[in-house]
Amino acid sequence: MKPFLEQYAPKAVAENRRALMGIVNLTPDSFSDGGRHDKLDQAVAWAEKLLADGADLLDLGAESTRPGFDPGRVGAEEEKARLLPVVRALRKRFPSCVLSIDTRKADVAQAALDEGADIINDVSSFEDPGMPEVVRRYSAGLVLMSGYREHVGARQRSAGPGSLGSWVADNLRNFRAQALAAGIAAEKLCLDPGFGFGLKRTDNAEVLHSTADYVRAFAPMPILIGPSRKHFLLAQYPEANGDPDAATRLFCEEAAKQGAQIFRIHDVARHRGLR
């Protein structure tokens, strides 16, 4: 089986550059662009722009996980109603486009995979015990992320400043082991350190500086970086002069230098050429 990047971002591999995952928020309440693309025509038009700007993958989400969100507020049926028409439309209009689905729910994941999605981006890393079997059965790609349970207050973080890099690594190692034990192929896995999840604003720089360690520890599984427009960036990069996309680019450049391979971002055009 081909490695993850060759399966899902072959053009980026051929061009020796970082893969870009464009964000398509289908929610009315996402922190950055909620409500801008939550209608079918708007979502398809935005996806088309992202692809024209150079996106290798699209990540579709129909439930916001912004700080303070209620994990029980959006049910599976509402999430599917927001998501599935867009998956169908994009699969019809862009048949070769790689579609990632940002969901915590196995039922939603299965419905999206039935419509032709390629990857499940499970920020909760198996909060739903049915998720591993769905991913395995469909031989889908899978992104697993650190920090969700701490983000929603389901458990206390077990590490403080100075040991956060190893804390994230331990989380990712545990999630990888669960996936492999469930029969999911290693070549289907991608790992996300979870910037902004379970971390205070000043903690993110420490985890960023551990990116090279994650790349080495989990190779050949790629490391996905998802800081786009998050609030901690403007404090970390005052030279961005209040522009969250400029700050995102600075953060991504640092992560790219450390070997991160996939970047989940809103402004794809500004991140073209990231190496």
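Read on for an overview of the structure. (Residues numbered from 1 in each chain as written. Predicted model: local features only at pLDDT ≥ 70, side-chain atom pairs only at ≥ 80, totals over all residues. Heavy atoms only, no water.)

### Observations concerning the pattern of salt bridges
(1) Moving on: According to the stated counting rule, one finds 25 salt bridges in the structure shown.
(2) Moving on: Of the charged contacts in the structure, one is a salt bridge between Glu78 and Arg82, with a shortest N-O distance of 2.8 Å. Within this pair, Glu78 and its partner Arg82 are both found in helix α4 (residues 76–93), separated by 4 residues, close to a single helical turn.
(3) Moving on: Among the residues examined, Glu78 registers a relative accessible area of 36% and is labelled partly exposed.
(4) Moving on: Taking the shortest distance from any N to any O, the salt bridge between Arg173 and Asp170 comes out at 2.9 Å. Of the two residues, Arg173 and Asp170 both sit in helix α8 (residues 164–181), 3 residues apart, roughly one turn of that helix.
(5) Moving on: Among the charged side chains, a salt-bridge network with shared partners connects Glu63, Glu79, Arg104, Lys105 and Glu127. (Salt bridge = Lys/Arg side-chain N within 4 Å of Asp/Glu carboxyl O. Helix = DSSP H or I, 4+ residues; strand = E, 2+ residues; numbered from the N terminus. Buried < 20%, exposed > 50% of the residue type's maximum accessible area, 1.4 Å probe, protein only.)

### Structural notes on α8
(1) Moving on: With 18 residues, α8 extends 26 Å from end C-alpha to end C-alpha; this agrees with the ideal 26 Å at 1.5 Å per step.
(2) Moving on: Turning to α8, its buried residues are Leu164, Gly165, Trp167, Val168, Ala169, Asn171, Leu172, Phe175 and Ala179.
(3) Moving on: If you follow the buried residues of α8, they end up packed against β5 (141–145), α7 (148–151), β6 (189–192), α9 (203–208) and α10 (211–218). (Expected span 1.5 Å × (residues − 1). Contact = heavy atoms within 4.5 Å.)

### Side note on the sheet that holds β6
(1) Moving on: The sheet built from 8 strands is open, its strands ordered β6-β5-β4-β3-β2-β1-β8-β7 with parallel pairing. The strands lining the two open edges of the sheet, one partner per strand, are β6 and β7 (224–225).
(2) Moving on: Summarising the sheet, strand β1 (residues 19–25) and strand β8 (residues 262–265) pair through 4 bridges and their orientation is parallel. Looking at β8, one finds that Met21 is bridged to Arg264. (Pairing = 2+ DSSP bridges.)

### Overview of the nonpolar core
(1) Moving on: Formed by 72 residues in total, the largest nonpolar core has its most connected members in Val24, Leu58, Leu60, Leu83, Leu90, Leu142 and Phe263.
(2) Moving on: Tallying contributions element by element places α8 first for this core, with 7 residues.
(3) Moving on: Each residue touching Phe263, except ones within four places of it in the same chain, is listed here: Arg18, Ala19, Leu20, Met21, Ile225, Cys252, Ala255, Ala256 and Leu274.
(4) Moving on: Within the second largest apolar cluster, 13 residues are counted, among which are Ala9, Leu57, Ile119 and Leu224. (Core = buried A, V, L, I, M, F, W, Y, C linked by side-chain atoms within 4.5 Å.)

### Some points on the pairing of β1
(1) Moving on: Of all the 7 residues making up β1, 7 are buried; the element is thus mostly covered by neighbouring parts of the structure.
(2) Moving on: Both faces of β1 are covered, namely the face carrying Ala19, Met21, Ile23 and Asn25 and the face carrying Leu20, Gly22 and Val24.
(3) Moving on: Examined bridge by bridge, β1 and strand β2 (residues 57–61) share 5 bridges and lie parallel to one another. Residue pairing for β2: Met21 is matched across the bridge by Leu57.

### A word on the side chain of Lys80
(1) Moving on: Note that Lys80 resides in helix α4.
(2) Moving on: What makes Lys80 buried here is its relative accessible area of 13%.
(3) Moving on: In this structure the side chain of Lys80 is engaged in a polar contact, spanning 3.0 Å, whose partner is the side chain of Asp107.
(4) Moving on: Residues contacting Lys80, with those up to four places away along its chain left out, are Pro85, Asp107, Val108 and Ala111. (Polar contact = N/O pair within 3.5 Å; in protein donor to acceptor, adjacent residues only side chain to side chain.)

### Thoughts on the packing of helix α5 (residues 106–114) against helix α6 (residues 131–138)
(1) Moving on: Where α5 meets α6, the axes come as close as 9 Å, and the angle between the chain directions of the two elements is 15 degrees. When the axis of α5 is compared with that of α6, the two are roughly parallel. Here α5 and α6 pass one another in a crossing that is right-handed. Of the residues in α6, those touching α5 at Ala106, Ala109, Gln110, Leu113 and Asp114 are Met131, Val134, Arg137 and Tyr138. (Axes fitted to C-alpha atoms, helices over the stretch in contact; angles between N-to-C directions. Parallel < 35°, antiparallel > 145°, perpendicular 65-115°, else oblique. Left-handed = near helix turned anticlockwise from the far one by under 90°.)

### What to know about the environment of Ile101
(1) Moving on: Its location among the elements puts Ile101 in strand β3 (residues 98–102).
(2) Moving on: Under the relative-accessibility criterion, Ile101 is labelled buried at 0%.
(3) Moving on: Sequence separation between Ile101 and Gly61 is 40 residues; the distance between their C-alpha atoms is 6.1 Å.

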